[in-house]
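# Residue-level structural notes
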Amino acid sequence: MPQDQTLDPQSLPLLWLLSDERNDEGLEQAVARLPSGSGFVYRHYHLAPEPRAERFAALLPALRDAGHWVIVSDTFETAEQWRADGVYGAPGDRAPAQLRWIATAHDEAEIAQANEYGADAVMLSPVFPTRSHPGAATLGRERFRALARFAACPVIALGGMNAERAKELNWPRWAAIDGLS
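Residues numbered from 1 in each chain as written. Predicted model: local features only at pLDDT ≥ 70, side-chain atom pairs only at ≥ 80, totals over all residues. Heavy atoms only, no water.

### Considerations on the side chain of histidine 44
Heads up, the condition is: Labels follow the DSSP assignment, with helices taken as runs of H or I lasting at least four residues and strands as runs of E lasting at least two, numbered in each case from the N terminus. Type-normalised accessible area, obtained with a 1.4 Å probe on protein chains alone, sets the label of each residue: buried when under 20%, exposed when over 50%, and partly exposed for intermediate values. Whenever two N or O atoms come within 3.5 Å, that pair is a polar contact, provided that in protein one can donate a hydrogen and the other can accept it, and provided that, for residues adjacent in sequence, both atoms are side-chain atoms. Residue contacts are counted whenever heavy atoms from the two residues lie within 4.5 Å of one another.
In this fold, histidine 44 is placed in the loop between strand S2 (39-42) and helix H2 (49-65). Residue histidine 44 is classed as buried on the basis of its relative accessible area, which comes to 0%. A polar side-chain atom of histidine 44 sits 2.6 Å from a polar atom in the side chain of aspartate 24. Excluding anything up to four places from it in sequence, histidine 44 contacts Ser19, Asp20, Asp24, Leu27, Arg52 and Arg55.

### Here's the deal with the confidence of the model for the protein chain
In plain terms, the rule: Scored between 0 and 100, pLDDT is the confidence that the predictor attaches to each residue.
Put simply, the protein chain has an average pLDDT of 90, and 92% of its residues get 70 or more. Contacts from residues 1-7, a stretch scored under 50 in pLDDT, to residues over four places away or in other chains number 18 contacts.

### Some points on the side chain of serine 19
Tracing the sequence through the fold places serine 19 in the loop between strand S1 (15-18) and helix H1 (27-33). Taking the relative accessible area as the measure of exposure, serine 19 reaches 0% and is therefore buried. A polar atom in the side chain of serine 19 sits 2.7 Å from the backbone nitrogen of arginine 43. There is a polar contact of 2.8 Å between the side chain of serine 19 and the side chain of histidine 44. In this view, serine 19 contacts Leu27, Phe40, Val41, Tyr42, Arg43 and His44; residues no more than four positions away in its chain are not counted.

### Side note on the packing of aromatic side chains
The line we're drawing: Here a Phe, Tyr or Trp ring, Trp counted by its six-membered ring, pairs with any other such ring whose centre lies within 6.5 Å, and the pair is stacked when the planes are under 30 degrees apart, edge-to-face when over 60, and tilted otherwise.
Across all of its chains, the model carries six aromatic pairs by this definition. For the pair phenylalanine 144 and tryptophan 171, a centre-to-centre distance of 4.9 Å together with 85° between the ring planes defines the contact as edge-to-face. Here tryptophan 171 lies in the loop between helix H6 (163-169) and strand S8 (174-176) and phenylalanine 144 lies in helix H5 (residues 140-148), a separation of 27 residues in the sequence. Judged by its relative accessible area of 0%, phenylalanine 144 is buried. Members of the aromatic cluster, connected to one another through ring pairs, are Phe40, Tyr42, Phe56 and Trp82.

### A look at the pattern of salt bridges
To keep things clear, this is the line we draw: Any Lys or Arg side-chain nitrogen found within 4 Å of a carboxyl oxygen on Asp or Glu counts as a salt bridge.
This model, assessed by the stated rule, comprises nine salt bridges. A salt bridge links arginine 43 to aspartate 20; its shortest N-O distance comes to 2.7 Å. Of the two residues, arginine 43 is situated in the loop between S2 and H2 and aspartate 20 in the loop between S1 and H1; the sequence distance between them amounts to 23 residues. Take arginine 43 and aspartate 20: they sit in the same class, and that class is buried. Salt bridges sharing common partners tie together Asp20, Arg22, Arg43, Arg131 and Asp178.

Dropping the structure here:
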């Protein structure tokens, strides 16, 4: 979706790919496999600032061509400079009108913050065991659903997600690194 068009919250993607060091090598192929209009969260924490910006710039044309929401894990200022659609992360300031904010949450307090600051969506995690945080406690199905009820915006399931687990969870919006790479 081109940045200069309004991102309709009703069009919030159902499927989200997150970038990571471990899926960087095949990222172009993973992006190409996403259905048109999906969401993409650019993290790439493993890169220094300049190579991180360059890698993002290299991915942006394919993301725009496919009509994806393009979100960066960074500041609103960086999102504007990079021509992204918004940011991903913990609450801080309210998003400028032209940008979207996908909040991250792991508990009720973080969902309350996302509600207070007007997040466009919340990625709630980790639902299932994940390679990103081996051995970390997970929410599981029941706790995920209980927490999701507190959100004032759409909830995106994250953590050990893939198509099979999304069906098992019976949740329409989900995100993954390995599950979509």
